[in-house]
Amino acid sequence: MEYLKRAALESEVAQENERIEGVVKDMLANIRRNGESAVREYAQQFDNWQGDFILTEEKKMALIAQVPQRVKDDIDFAHRQVKRFAEAQRNSLTSFEIETEEGVRLGQQVLPVQCAGCYVPGGRYAHAASAIMSVATAKAAGVPFIVACSPPRGDSINPAVAYAMHVAGADVILEMGGVHAVATMALGLFTGKPADILVGPGNAYVAEAKRMLFGEVGIDVFAGPTESAIIADKTADPMTIAVDLVSQAEHGTNSPVWLFTDSREIGEKVLEIMPHVIADMPNADVCEAAWRDHGVVILGENRDEVVQISDEYACEHLQILAEDLEWWKAELKNYGSLFLGEGSTVSHGDKCSGTNHILPTRKAARYSGGLNVQKFMKVLTYQELDEAANLVFSGAGSRISRTEGMEGHARACDWRLRKYYPGTEWDFEVYDQKRYC
């Protein structure tokens, strides 16, 4: 194999991780000692929050009233897809009893945990889709009590996030974020209901808090920065590759995006046009840093070597833009979620297609799947959307992405709408991406 582009920064993050570990350790110790009073102090310190944490029914309905009907419709649409897939997962796991020898009966019961804590990020973006992914999946699993939390922005959590939590079935919503929110759910502060499991993405401090609490409570995955990879052969459209890589780079300056290909021409063309697509973005500085510091392009000798490379990286999101999709699906073994064909962009999975977007990073896909109702089993997901489906799914994915402020995700959907339906007049914003090849 040959590197056409290496990451400028390797993952020498031990010193930063050590610092974060120390901060989180001290915060958790303080909360264990001082309980709810410590949480109130941290809420004041980090969010300038002095009010109640449990979202009242009256305030929740007032927030929901602020959400435009079209946003509600899109969230409802995404909820239906996630709920259907999660219920199918739940139905695939059954209780049974067998007699192995005369007088010997073995069996299993499939029972949900009694309380789940669902963390929904709310820093740079308003993650309405994350609320659906965690809360709706817990609901489909039959969890009887679900606590959801999200950091406030000003005097409340984001209204679209509140609506998503409500639709998905959260029993209690906490207007709270950060380490103290994770500890609150784990210890049952303010609710009297300690969580049996903590799920949901978050920043490095949230991830470290979950890691430290693991064992005392269950967690979904050991989380790191979002990872996205594309496998492409000579038939792929370099512009589609570039648009989709940039769409995922907007997650953060430390979010790696990777291209694995057996076509030198494709690899070099993507390297040529990536700066142009990045420059088109409103958050170009974030995408440029992610691509510069963590972007990788690897040229494999053939598709078998590309499979070996991809399985070694064990990426969180893996797109296949190549011929013979069934071959790739059969051969690839390590990934969080698989996106087959040009019609399937990661934005669909992140927002509305139905598979869960809370997925393993840092090579954890070697031994684990993403968040699902079966939890500790490895359940791999894949999806393939044809052009006709994109009329609905790219529309919903685009609008939900812009609701959350994630322009790159929206443009990955918009690219397909423009490409598959040229000349169509849209009644919502659809970005007209300039083609560079």
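So, how was this worked out
Residues numbered from 1 in each chain as written. Predicted model: local features only at pLDDT ≥ 70, side-chain atom pairs only at ≥ 80, totals over all residues. Heavy atoms only, no water. Helix = DSSP H or I, 4+ residues; strand = E, 2+ residues; numbered from the N terminus. Polar contact = N/O pair within 3.5 Å; in protein donor to acceptor, adjacent residues only side chain to side chain. Contact = heavy atoms within 4.5 Å. Pairing = 2+ DSSP bridges. Axes fitted to C-alpha atoms, helices over the stretch in contact; angles between N-to-C directions. 1 Å grid on protein atoms, 1.4 Å probe; cavity = no way out; pocket = protein on both sides within 12 Å on 5 of 7 lines; lining within 4 Å. Points joined across faces, edges and corners; volume = space filled by probe spheres on them. Nonpolar A, V, L, I, M, F, W, Y, C, P; charged D, E, K, R; others polar. Core = buried A, V, L, I, M, F, W, Y, C linked by side-chain atoms within 4.5 Å. Buried < 20%, exposed > 50% of the residue type's maximum accessible area, 1.4 Å probe, protein only. pLDDT = per-residue confidence, 0-100. Lys, Arg positive; Asp, Glu negative; His and termini not counted. Salt bridge = Lys/Arg side-chain N within 4 Å of Asp/Glu carboxyl O. Phe/Tyr/Trp six-rings, centres within 6.5 Å; stacked < 30°, edge-to-face > 60°. Lys NZ or Arg CZ within 6 Å of the ring centre and 35° of its normal.

When you line up the elements, K329 lands in helix 13 (residues 325–331). A polar contact of 3.3 Å, which involves the side chain of K329, links it to the side chain of E326. Excluding its chain neighbours within four sequence positions, the residues that come into contact with K329 are L338, L340 and Y382.

One open sheet accounts for 5 strands, arranged 6-5-4-7-8; its pairing is parallel. The sheet terminates laterally at strand 6 (172–175) and strand 8 (218–219), the two strands that pair on one side only. Where helix 5 (residues 128–141) meets the sheet, its contacts fall on strand 4 (115–119), strand 5 (145–150) and strand 7 (197–199), and the angle it forms with strand 5 comes to roughly 180 degrees. Against the sheet, helix 7 (residues 179–187) makes contact with strand 4, strand 5, strand 6 and strand 7, and its axis sits at roughly 175 degrees relative to strand 4, the strand it touches most.

Right, let's get into empty space enclosed by the protein. Inspection of the entire model under this criterion finds 2 cavities of 30 Å³ or more. Put simply, the second largest cavity is a space of about 50 Å³. Lining of the second largest cavity is provided by V243, V246, S247, V277, M281, G408, R411 and Q433. Counting only elements with at least two residues in the lining of the second largest cavity, the list comes to helix 9 (238–249) and helix 16 (407–420). Per-element accounting of the lining of the second largest cavity gives the leading share, 3 residues, to helix 9. Among the residues forming the lining of the second largest cavity, the class breakdown is 4 nonpolar, 3 polar and 1 charged.

Within soluble globular proteins, side chains that are nonpolar generally end up buried alongside one another. Among the nonpolar cores identified, the biggest contains 47 residues, and I75, I132, V135, I157, M165 and C352 are the most heavily contacted of them. At the level of secondary structure, the elements contributing two or more residues to this core comprise helix 3 (57–65), helix 4 (69–91), strand 4, helix 5, strand 5, helix 6 (159–168), strand 7 and helix 15 (387–404). By residue number, the principal contributor to this core is helix 5, which donates 9 residues. Aside from chain neighbours lying at most four places away, what touches V135 is C118, I146, A148, M165, A168, G169 and A170. Counting residues in each nonpolar core, the second largest holds 34 residues, with V39, C115, V179 and L198 among its members.

Time to look at the confidence of the model for the chain. Per-residue confidence for the chain gives a mean pLDDT of 92, with 97% of residues at or over 70. Overall, residues 376–381 carries pLDDT values under 50, and its contacts beyond four positions in sequence, including any with other chains, amount to 23 contacts.

Next up on the list: the side chain of D311. Within the secondary structure layout, D311 lies in helix 12 (residues 303–313). Of the side chains with opposite charge, K333 comes closest to the buried, unpaired D311, at an N-O distance of 6.1 Å. When neighbours within four sequence positions are excluded, D311 is seen to be in contact with E331, L332, K333 and N334.

Going through the model one piece at a time under the given rule, you end up with 25 salt bridges. Close ionic contact of K419 with E342 constitutes a salt bridge, the shortest N to O distance being 2.9 Å. Taken as a pair, K419 in helix 16 and E342 in the loop between strand 13 (337–340) and helix 14 (346–351) lie far apart in primary sequence, 77 residues in all. Beyond isolated ion pairs, a larger network of salt bridges with shared partners links R402, E407, R411, D414 and E429.

Counting buried residues along strand 12 (residues 317–321), 5 of its 5 residues qualify, which places the element largely inside the surrounding structure. Of the two faces of strand 12, both are covered, the one formed by H317, Q319 and L321 as well as the one formed by L318 and I320. Both strand 9 (residues 228–232) and strand 12 contribute to a ladder of 5 bridges, which runs parallel. In the strand pairing of strand 12, I230 is matched with Q319. Both strand 12 and strand 13 contribute to a ladder of 4 bridges, which runs parallel. Each bridged residue has a counterpart across the sheet, and for H317 the counterpart in strand 13 is S337.

Of note, G122 is situated in the loop between strand 4 and helix 5. Taking relative accessible area as the criterion, G122 reaches 11% and is therefore assigned buried. In this structure, the C-alpha to C-alpha distance between G122 and N203, residues 81 residues apart in sequence, is 9.8 Å. Filtering out sequence-adjacent residues up to four positions away, G122 remains in contact with S150, P151 and R153.

Phi at F190 takes a positive value of approximately 70 degrees, unusual for a residue other than glycine. Tracing the chain through its elements places F190 in the loop between helix 7 and strand 7. The backbone of A314 sits at a positive phi, close to 50 degrees, despite the residue not being glycine. By the secondary structure assignment, A314 is in the loop between helix 12 and strand 12.

On to the packing of aromatic side chains, then. Enumeration according to the criterion identifies 8 aromatic pairs in this entry. Considering the side-chain rings of W327 and W328, the 4.9 Å spacing of their centres and the 90 degrees angle between planes classify their relative orientation as edge-to-face. Residue classification places W328 among the buried residues on the basis of a relative accessible area of 3%. Site record: aromatic cluster; members linked through ring pairs are W258, F260 and Y313. When the ring centre of Y3 is taken as origin, the NZ or CZ atom of R6, which lies over that ring, is 3.9 Å away. We note R399 situated over the ring of F428; from NZ or CZ to the ring centre the distance is 4.5 Å.

In this fold, N203 is placed in the loop between strand 7 and helix 8 (204–213). Classification of N203 by relative accessible area gives partly exposed; the value is 44%. For the pair N203 and P121, spaced 82 residues apart in sequence, the C-alpha separation works out to 7.8 Å. Polar side-chain contacts of N203 include one of 3.0 Å to the backbone nitrogen of Y205.

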